[in-house]
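Examining the three-dimensional arrangement
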Amino acid sequence: SPHACGTHPPIQRVHYSLEMGAPASKLCSGPCCSGMLAAVQNRTRRLAVDQAQVGSMEEALRIDREHEGSWTPSPKAESAVGSGIWTSPVPRWTSSASRDDEGAAFELVMADLDSDDLQNIYLPQARREGQAAAKRSKYEVEQLVASPGSLPQPLFPDAREAAAHSGRPTATSAMLARVPREFLESCTPEAQALRRRLLRGATVVFASAGYPGKRFVFELAAALGIKSVVIDHPDSWSRGLVEEGIIAKFLPVDMSQTSEEVFQQSCSLIQKLGSDGLTGSVDGVTTFVELAVPLAARLCECFGLPGMTPASVDAARDKHRTRAAMAKAKLPTPRNLLIRSETELFAAGKFVGFPAVLKPISGAASLGVKKVESMDELRACYREVVSELAALVVCSGALARDDGSGGINASRMIDLSVLLEQYIDGQEVDVDIVFSDGEWRYAAVTDNGPTFEPYFNETWGLMPSLLTKDKQSSLKELAIASVKALGFTSGVFHVECKYSSTGPQLIEVNARMGGGPVRDVNRFVWGVDLVEEAIICALGIPSRPVVPEKPITCIAYYFINAERSGRVVSTASIEALRQEPGVLAAESFVKPGDVLVGRRDGLATWLGSLVVSANCSDNALAHLLRLEGELVVEISD
């Protein structure tokens, strides 16, 4: 972890109350929640883990879960999921078994974009309808512009280790103790069936449900027999999943509170799980929502559960700290300098050189990221970026310009420091990685098309990559080393890199599954479901994805950028693409009447997306670009 004890931030003592109306438990002298952890341990019945290990895979598959609760998913939910040139997405020292495709059923589910994606910074008004647009959450503001906000400081490494070892065993860990390690470390369908058997009946808490497009996460969890518990604002769409039999419980938390208060209330609710017999005690905590990653990490740490460390999560979300961790690990790092005021611009420009990229270090996603070519342009863009950041509001969980329609002013909380970084040329890629037991178990490269500069709006993606094997291997090596440099040992990561004229370079590490089509692309091409692997990691079960020797298919996708500013007249041309051969999905993100920003006038509005498949990557990309080139969306002045 980049946060060693000797360089830890100042300790802040905080008090938390576990039971409503009960005396607060005082935390230890470190910046942690071990007082709360001790109360949890005293309240919860200890599970026996001294039973003898089983001797065969057949016996392992018959291990029962103790006190899992009475709730079961509805039968409809359980049936929702079916049982060129590239580099292998699995380590060479791991035997990759051929995938058993019998009975496999793929259904394309295009998720709404995550809050960290470019498009959500400027959500069209139509996308905000039906959501609580005005007077939203202090928690959201903190996590968007000042993460981790008022959440507790991370535990020191030794305190975290002690807490994990002294905590009560979960029902899942009791089952794992009975299974010989070698049964779980195999990359075979039989071993994956055992891992799924260990998932069944587990009580998993999801910190925030995100947008309605995340529904597929909970449908898959139900199909795996997981008792899902969602923590979110009382008006969340996910509340209705209880009645549908998809999740076991919805725990309402007032998200208009500060992050610290949200954390405290979440802990109180999690502590009580299992008391009504509907679910068991908590087995794991996870999230698929960018804003909730710091919260989920701290909940795991508080309850002594497997999960990413808060120190690593915080470092990954801070661009300056990420670069410091890279430099410390002697990994390729572009020249960069932190700018706290306009008086530092000249020194920064002289040190970094041009062209360069301005990046806000706060949690403001990609807002304000812009390429600059000279000192004069740096000065003008810096003023523009600072002015833009200072005028932001939080609306429907996303940052937006204040158009008078409501939202929480973020200017008093956002860190206006920016990072000036050497511009990295070359091909951009995404690397989706599964880490388990401190090593990578899966890493797949997706080519990204050229972005629209200077705002770096994304265009297309392609998997498997068309880069040479050597370039793909070096990019994967850097992405994996970057995850390790930040102190991560387990989980699913979406890492953005470039292969530049000087070799591979990191853009950023996202400590979660990628948004948009990322889950489906990996599922279609390599048969790996990143949602399933993320839940496996959250429960402390070894992740060893079953990957075929060759890709199952080749996938290309396109984010349709508005060519010019104006208003949408019709999106019929996008929907018509669904009738074309090889098209898996064609979705509109806007509707008639929406106001658009053209790519020459700023960060372009995404009109929609297009996904195609073919027998090789060359054909998939050619087909995608032909369809996009012929597409005309009606826009009026």
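This structure is a prediction, so every number in the text was calculated from the model and none was measured.

Rules of the game
All residue numbers here refer to positions counted from 1 along the written sequence of the relevant chain. With the structure being a predicted model, the display of local features is reserved for residues of pLDDT at least 70 and the display and counting of side-chain atom pairs for 80 or more, all residues being used for whole-chain, interface and lining totals. For side-chain calculations, the full set of non-hydrogen atoms in the structure is used, while hydrogens and water are omitted. Among buried residues, those of type Ala, Val, Leu, Ile, Met, Phe, Trp, Tyr and Cys that are joined through side-chain atoms within 4.5 Å constitute a nonpolar core. When a residue's accessible area, from a 1.4 Å probe over protein chains only, is under 20% of the maximum for its type it is buried; when over 50% it is exposed; and in between it is partly exposed. Whether two residues are in contact is decided by their heavy atoms: any pair within 4.5 Å suffices. Any pair of Phe, Tyr and Trp rings, taking the six-membered ring for Trp, is counted once the centres come within 6.5 Å. Such a pair is stacked with planes under 30 degrees apart, edge-to-face with planes over 60 apart, and tilted for the rest. Each helix is a run of H or I in the DSSP string that is no shorter than four residues. Each strand is a run of E no shorter than two, and both are numbered from the N terminus. Note on criteria: charge over ring means Lys NZ or Arg CZ within 6 Å of the ring centre, with the direction from the centre no more than 35 degrees off the ring normal. pLDDT is defined as a per-residue confidence score from the predictor, taking values between 0 and 100. Strand pairing is defined by DSSP finding a minimum of two bridges between the two strands. Axes, fitted as lines to C-alpha atoms, cover a helix only where it is in contact. Angles between the N-to-C directions of the axes lie from 0 to 180 degrees. Roughly parallel refers to an angle under 35 degrees, roughly antiparallel to one over 145, roughly perpendicular to one between 65 and 115, and oblique to any angle outside these ranges. Put simply, Ala, Val, Leu, Ile, Met, Phe, Trp, Tyr, Cys and Pro go in the nonpolar bin, Asp, Glu, Lys and Arg in the charged bin, and everything else, Gly too, in the polar bin. Salt-bridge detection follows one rule: a side-chain nitrogen of Lys or Arg within 4 Å of a carboxyl oxygen of Asp or Glu.

**Quick look at the nonpolar core**
- Counting residues in hydrophobic clusters, the biggest one holds 59 residues, and the most contacted among them are Phe206, Phe218 and Ile535.
- The contacts of Ile535, once residues within four sequence positions are left out, are Leu199, Phe206, Ala221, Ile226 and Phe288.
- Grouped together as the second largest cluster of nonpolar side chains are 31 residues, Met308, Ala316, Ile433 and Leu486 included.

**What about the packing of aromatic side chains?**
- In this structure the tally under the stated criterion is 7 aromatic pairs.
- Between the aromatic rings of Phe435 and Phe493, the centroid separation amounts to 6.1 Å while the plane-to-plane angle is 85 degrees, which identifies the pairing as edge-to-face. Separated by 58 residues along the polypeptide, Phe435 in strand E14 (residues 427-436) and Phe493 in strand E17 (residues 491-500) bring together distant segments of the chain.
- Take Phe493: its relative accessible area is 1%, and that puts it in the buried class.
- Through successive ring pairs, a cluster of aromatic residues spans Phe206, Phe218, Trp237 and Phe288.
- For the cation-ring pair, Lys371 lies above Tyr423, with the distance from its terminal atom to the ring centre recorded as 4.1 Å.
- A cation over a ring is seen here: Arg523 above Phe524, with NZ or CZ 5.7 Å from the ring centre.

**Considering the confidence of the model for the protein chain**
- In the predicted model, the protein chain carries a mean pLDDT of 82, and the fraction of residues at 70 or more is 78%.
- Long-range and interchain partners of residues 1-49, a stretch whose pLDDT sits below 50, account for 109 contacts in this model, where long-range means more than four residues apart.
- Contacts of residues 93-136 to residues separated by more than four positions or lying in other chains number 140 contacts, the stretch itself having pLDDT below 50.

**Re the sheet that holds strand E24 (residues 634-636)**
- Ordered in space as E22-E20-E24, the 3 strands form an open sheet in which the pairing is antiparallel. Strands at the two margins of the open sheet, each flanked by one partner only, are strand E22 (595-596) and E24.
- With 2 bridges connecting them, strand E20 (residues 566-570) and E22 associate as antiparallel partners. By the bridge assignment, Gly566 is partnered in E22 with Leu596.

**Brief notes about the environment of Leu251**
- Position of Leu251 among the secondary structure elements: in strand E5 (residues 249-252).
- Taking C-alpha positions, Leu251 is 9.9 Å from Gln265, a pair spaced 14 residues apart along the chain.
- Those residues in contact with Leu251, other than ones at most four positions away along the chain, are Val229, Val230, Ile231, Asp232, Leu269 and Leu273.

**With respect to the packing of helix H13 (residues 310-317) against helix H14 (residues 319-328)**
- Close contact between H13 and H14 brings their axes to 5 Å; oriented N to C, the two are set at 110 degrees. Considering the angle they form, H13 stands roughly perpendicular to H14. Here H13 contributes Ala311, Asp314, Ala315, Ala316 and Arg317 to the contact with H14, which in turn contributes Lys319, Arg321 and Thr322.
- Of the residues belonging to the contact of H13 with H14, the class tally is 3 nonpolar, 1 polar and 4 charged.

**Looking at the environment of Tyr139**
- Looking at where Tyr139 falls in the secondary structure, it is placed in helix H5 (residues 138-145).
- Along the sequence, Tyr139 and Thr258 sit 119 residues apart, while their C-alpha atoms lie 4.9 Å from each other.
- Apart from residues no more than four positions distant in its own chain, Tyr139 is found in contact with Met255, Gln257, Ser259, Val262, Leu291, Ala292 and Leu295.

**With respect to the sheet that holds strand E16 (residues 460-463)**
- The 8 strands are arranged E18-E17-E14-E15-E16-E19-E23-E21 in an open sheet whose pairing can be described as antiparallel. Pairing within the sheet leaves two strands with one partner each, and these edge strands are strand E18 (503-510) and strand E21 (583-588). Pairwise comparison of adjacent strand axes, ignoring direction, gives a mean angle of 20 degrees for this sheet.
- Relative to strand E23 (residues 606-614), strand E19 (residues 554-561) is paired through 8 bridges, and the arrangement is antiparallel.

**Observations regarding the pairing of strand E13 (residues 418-422)**
- For E13, the buried fraction is high: 4 of the 5 residues fall into the buried class.
- Where strand E8 (residues 356-360) and E13 come together, 5 bridges link them in antiparallel fashion. Counted as the bridge partner of Lys359 is Leu419 from E13.

**Thoughts on the pattern of salt bridges**
- Counted under the stated rule, the structure contains 29 salt bridges.
- The partner of Arg317 in a salt bridge is Glu290, with the nearest N and O atoms 3.0 Å apart. A residue pair is termed long-range when its members are at least 10 positions apart, and Arg317 in helix H13 and Glu290 in the loop between strand E6 (284-286) and helix H12 (293-302) qualify at 27 residues. Take Arg317 and Glu290: they sit in the same class, and that class is buried.
- Ionic pairing is found between Arg600 and Glu563, a salt bridge with its closest N-O pair at 3.7 Å. Separated by 37 residues along the polypeptide, Arg600 in the loop between E22 and E23 and Glu563 in the loop between E19 and E20 bring together distant segments of the chain.
- Accessibility expressed as a relative area gives 62% for Arg600, which makes it exposed.
- Judged by relative accessible area, which is 40%, Glu563 ranks as partly exposed.
- Through salt bridges with shared partners, a single ionic network connects Arg181, Glu185, Asp437 and Arg544.

**A closer look at the side chain of Ser482**
- Note that Ser482 resides in helix H17 (residues 469-485).
- On the accessibility criterion, Ser482 (0% relative accessible area) is buried.
- Discounting residues that sit within four places of it in the chain, Ser482 has contacts with Met326, Leu331, Leu506 and Val509.

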